[in-house]
Number of protein chains: 2
Amino acid sequence: MYNPNLSLEQTHNFAYENMLDIIAVGFDPKKTFIFTDTDYAKSLYKIAIEVAKKTTFSTAKAVFGFTNETNTGMIFFPAIQAAPCFLPSVLKGKEVPVLIPAAIDQDPYWRGIARAVAERLGYPKPAQIHCMFLPGLGEGGKMSASQPETAIFTTDTEETVNKKVANAFSGGRATTAEQKLKGGQPEVCTVYQYYYYLFEEDDEKIKERFQVCSTGKLMCRECKAELASRVNAFLKKHQAAREKAKKEISKFILKD
Amino acid sequence: MYNPNLSLEQTHNFAYENMLDIIAVGFDPKKTFIFTDTDYAKSLYKIAIEVAKKTTFSTAKAVFGFTNETNTGMIFFPAIQAAPCFLPSVLKGKEVPVLIPAAIDQDPYWRGIARAVAERLGYPKPAQIHCMFLPGLGEGGKMSASQPETAIFTTDTEETVNKKVANAFSGGRATTAEQKLKGGQPEVCTVYQYYYYLFEEDDEKIKERFQVCSTGKLMCRECKAELASRVNAFLKKHQAAREKAKKEISKFILKD
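What you are looking at is a predicted structure, and each value in this text was computed from that prediction instead of being measured. (Residues numbered from 1 in each chain as written. Chains lettered and ligands numbered in written order. Predicted model: local features only at pLDDT ≥ 70, side-chain atom pairs only at ≥ 80, totals over all residues. Heavy atoms only, no water.)

A closer look at the overall build of chain A
The following threshold applies: What counts as a helix is a DSSP run of H or I of at least four residues, what counts as a strand is a run of E of at least two, and both are numbered from the N terminus. Each residue is placed in one exposure class: buried if its accessible area under a 1.4 Å probe, protein chains only, is under 20% of its type's maximum, exposed if it is over 50%, and partly exposed if it falls in between. In this description, contact between two residues means that some pair of their heavy atoms is separated by no more than 4.5 Å. Each accessible area is a Shrake-Rupley estimate made with a 1.4 Å probe; only the visible protein chains count as cover when residues are assessed. Charged residues are defined narrowly, with Lys and Arg counted positive, Asp and Glu counted negative, and His plus the chain ends left uncounted. Where a charge lies is defined by one atom per residue type: Lys uses NZ, Arg uses CZ, Asp uses CG and Glu uses CD.
When its secondary structure is counted, chain A shows 10 helices and two strands. Mapped from its N terminus to its C terminus, chain A presents α and β elements in the order α-α-α-α-β-α-β-α-α-α-α-α. Each of the three principal axes of chain A carries a C-alpha extent, and together these read 65 × 45 × 35 Å. Taking all 256 residues of chain A together, the buried fraction comes to 41%. Here the analysis covers contacts within chain A between residues at least 6 apart in sequence; of these, 70% occur between residues at least 24 apart. About 14,300 Å² of surface is accessible on chain A, with carbon and sulfur atoms providing 54% of the total. Side-chain charges of chain A comprise 34 positive and 30 negative groups, with the mean position of each set lying 3 Å from the other.

Quick notes on the relation of the copies chain A and chain B
Threshold: What sets the superposition is a least-squares fit of C-alpha atoms, and only residues with pLDDT of at least 70 in both copies go into it.
Superposing chain A onto chain B requires a rotation of 180° together with a translation of 0.0 Å along the rotation axis, leaving an RMSD of 0.1 Å. What the rotation and shift describe, once combined, is the action of a two-fold rotation axis. When the interface residues of chain A are mapped onto chain B, 100% of them are again interface residues, pointing to one common binding face.

A look at the packing of helix α4 (residues 72-92) of chain B against helix α5 (residues 107-118) of chain B
Residues and elements named next belong to chain B. Rules: For helices, the axis comes from a line fit to the C-alpha atoms of the stretch in contact; other axes are also lines fit to C-alpha atoms, and the angle between any two N-to-C directions lies between 0 and 180 degrees. Crossings are assigned a handedness: left-handed for a near helix turned anticlockwise from the far helix by less than a right angle, right-handed for a clockwise turn. The nonpolar class holds Ala, Val, Leu, Ile, Met, Phe, Trp, Tyr, Cys and Pro. Asp, Glu, Lys and Arg form the charged class, and all remaining residues, Gly among them, are polar.
Taken N-terminus to C-terminus, the directions of α4 and α5 make an angle of 65°; their axes are 9 Å apart at the nearest point. Between α4 and α5 lies a crossing whose hand is right-handed. The residues of α5 that touch α4, namely those facing Phe-77, Pro-78, Gln-81, Ala-82, Cys-85 and Phe-86, are Tyr-109, Trp-110, Ile-113, Ala-114, Val-117 and Ala-118. Residue classes in the contact of α4 with α5 are distributed as 11 nonpolar, one polar and no charged.

What about the pairing of strand β1 (residues 99-103) of chain A?
All names here are of chain A. What counts here: By definition, two strands form a pair when at least two bridges between them are found by DSSP. We call a crossover right-handed when, viewed with the strands running away from us, the connection from the first strand over the helix to the second turns clockwise.
Alignment of β1 against strand β2 (residues 127-131), held across five bridges, turns out to be parallel. The residue bridging Leu-99 from the neighbouring strand is Ala-127, located in β2. Handedness of the crossover is the feature at issue here: the chain leaves β1, passes through helix α5 (residues 107-118), returns alongside β2, and the resulting connection is right-handed.

Focus: the interface of chain A and chain B
Condition: The term buried area refers to how much accessible surface (probe radius 1.4 Å) is lost by two components on association, counted for both of them together. Throughout this description, the term salt bridge denotes a Lys or Arg side-chain nitrogen within 4 Å of a carboxyl oxygen of Asp or Glu. Definition of a polar contact: a pair of N or O atoms within 3.5 Å, with one able to donate and the other able to accept a hydrogen when the atoms are protein atoms, and with sequence-neighbouring residues admitted only if both atoms are side-chain atoms.
The interface of chain A with chain B comprises 32 residues on the first partner and 32 residues on the second. Interface of chain A and chain B: buried area, both sides summed, is about 2,900 Å²; carbon and sulfur atoms make up 60% of it. Interface area lost by chain A to chain B is led by Tyr45(A), Lys53(A) and Thr72(A), which between them contribute 23%. The interface formed by chain A and chain B contains two salt bridges. Measuring nitrogen to oxygen at the nearest pair gives 3.9 Å for the salt bridge that ties Lys46(B) to Asp39(A). Where chain A touches chain B, the interface holds 14 residue pairs in polar contact (both at pLDDT 80 or more). Among the elements that line the side of chain A that touches chain B, the one with the most residues is helix α2 (residues 41-53) of chain A, at seven residues. Residue composition of the side of chain A that touches chain B, by class: 13 nonpolar, 10 polar and nine charged.

Description of the pattern of salt bridges
Residue and element names in this part refer to chain B. Following the criterion strictly, the structure yields 20 salt bridges over all chains and no others. Measuring nitrogen to oxygen at the nearest pair gives 2.6 Å for the salt bridge that ties Lys-164 to Asp-156. Both residues of the pair, Lys-164 and Asp-156, belong to the buried class.

A closer look at the environment of Tyr195(A)
Residues and elements named next belong to chain A. Within the element layout of this structure, Tyr-195 appears in helix α8 (residues 190-199). The sequence separation of Tyr-195 and Lys-205 amounts to 10 residues, and the corresponding C-alpha distance is 9.9 Å. Excluding anything up to four places from it in sequence, Tyr-195 contacts Glu-200, Ile-206, Arg-209, Cys-223, Glu-226, Leu-227 and Arg-230.

Let's talk about the state of the cysteines
Covalently bonding the sulfur atom of one cysteine to the sulfur atom of another cysteine gives a disulfide. Applied cut-off: When two cysteine sulfur atoms are found within 2.5 Å, that pair is recorded as a disulfide.
In the structure shown here, the tally under the stated rule is zero disulfides over all chains. A disulfide-free cysteine, Cys213(A) has its sulfur positioned 6.3 Å from the sulfur of Cys189(A), the nearest such atom. This cysteine, Cys85(B), is not joined by any disulfide, and Cys131(B) carries the nearest cysteine sulfur, 14 Å off.

Overview of α4(B)
Residues and elements named next belong to chain B. Definition in use: Expected span, for any helix, means 1.5 Å times one less than how many residues it has.
In this model α4 runs 31 Å from its N-terminal to its C-terminal C-alpha over 21 residues, within 8% of the 30 Å that 1.5 Å per residue would give. α4 sits mainly inside the fold: 15 of its 21 residues count as buried. Two or three places before Gly-73, at the opening of α4, Asn-71 has a side-chain oxygen 2.8 Å from that residue's backbone nitrogen. Positive phi appears at Gly-93, one or two residues downstream of α4, with a value of about 70°.

Description of a negative patch on the surface
All names here are of chain A. Put simply, the test is: Candidates for patches are residues over 30% relative accessible area with no salt bridge; among them, like charges are joined within 9 Å and nonpolar side chains (Val, Leu, Ile, Met, Phe, Trp, Tyr) within 5 Å.
On the surface, Glu-201, Asp-202, Asp-203 and Glu-208 cluster together into a patch of negative charge. Assignment of secondary structure puts Glu-201 in the loop between α8 and α9 (203-214). Here Glu-201 falls in the exposed class, since its relative accessible area comes to 77%.

Here it is as structure tokens:
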């Protein structure tokens, strides 16, 4: 949850919104606990300094490309990031293996730092699953927090979703006539990606959508309207669950 | 309280003993609060990351002589060390100037880090008093945690004190005859230093002791026996106060 460009307060707001999403999708409070680095700093800091003692600047530099101008918070941060890998072992007082789901950009923390020091500290090496990046709506599937129009947020209104999807980068042609002739380009279309990863569960139907698009039988307007309606149906349910989650959040949060 | 060669547990034990000493010498619980970096990590960490963000590796390197082989815990540590300078401002929600008493070896933390970032973070610059090093009993007045015989600890027994003082490096000559002839050398004598800094409050008497020693009228055995007796008188009282402090410690300790 660290972003050097955000204030602590902004980080906390994002963390809070993330917690609501996690609870809203149905995690079991008996098996789930959530903490933020700063609110759980006492426990994490103790583990992080163990990790940091075994991590030289050379190592951190090789793993993350740090330079002399890197600030000392970023240099220490990999140790904080690695700490949750060992937290279950510390809390249970025995070796507890962990599995970390994260996108590939987080890989250096687990592979370069946490796994490198684990055994020297007497903890099991953490394992990881590389998750797919959720595609964005910008050209090339880019998503950026500084360009909110390139991503649909779980807090977006129906109107916002309609607008974002309507403006999403697609593989459509300049004119309807051209598209009917040449077909669309689902392989570069962010709308198609949204169906593929999130909003079309049926494998046959997703193949079919590729087909009708690339052969010019499906126009972008219709395809986008259908996606927006699926996104909105999901968000309506999800946002209701988020409201409920606000009352349940204390069951999930761990402080020390 | 950071020493990279000590485990967390050892650090905590030293911290606990230090707390007892502070309370035993009579600090007022209404005006005093004591914390350890690890038990108060939640509050300190939040301030430390503000400091660390404004401190590049270049700066830390220039101030502390860090190299690429320095571990990332030591690199971050100056930010943790600086955090208490700003803690009163954070706790009171307004600018609270602080004055730090510390030995000169700690100077780089306040001057090189805390004072350098204070104004950019909206805190007043900390002020400092350089305290004298307490002299040790080894040759040259050295004191080392790994050589317990070079220092008198507040937990030492009477017997241990007698032994340590008897073995202290003094300015004495090889034989009594030689000492009577040439005089002792109070200017290199650790026993004299102990009187000077701690166990002779009367300025006239300390001058007199210098005089009788350097003119060969005072022999080391006698001078050491007198010091040991003064140290033991102090420790008897201090150790009783330490016992009492154990019951009062919770009034002083701040956790978060």
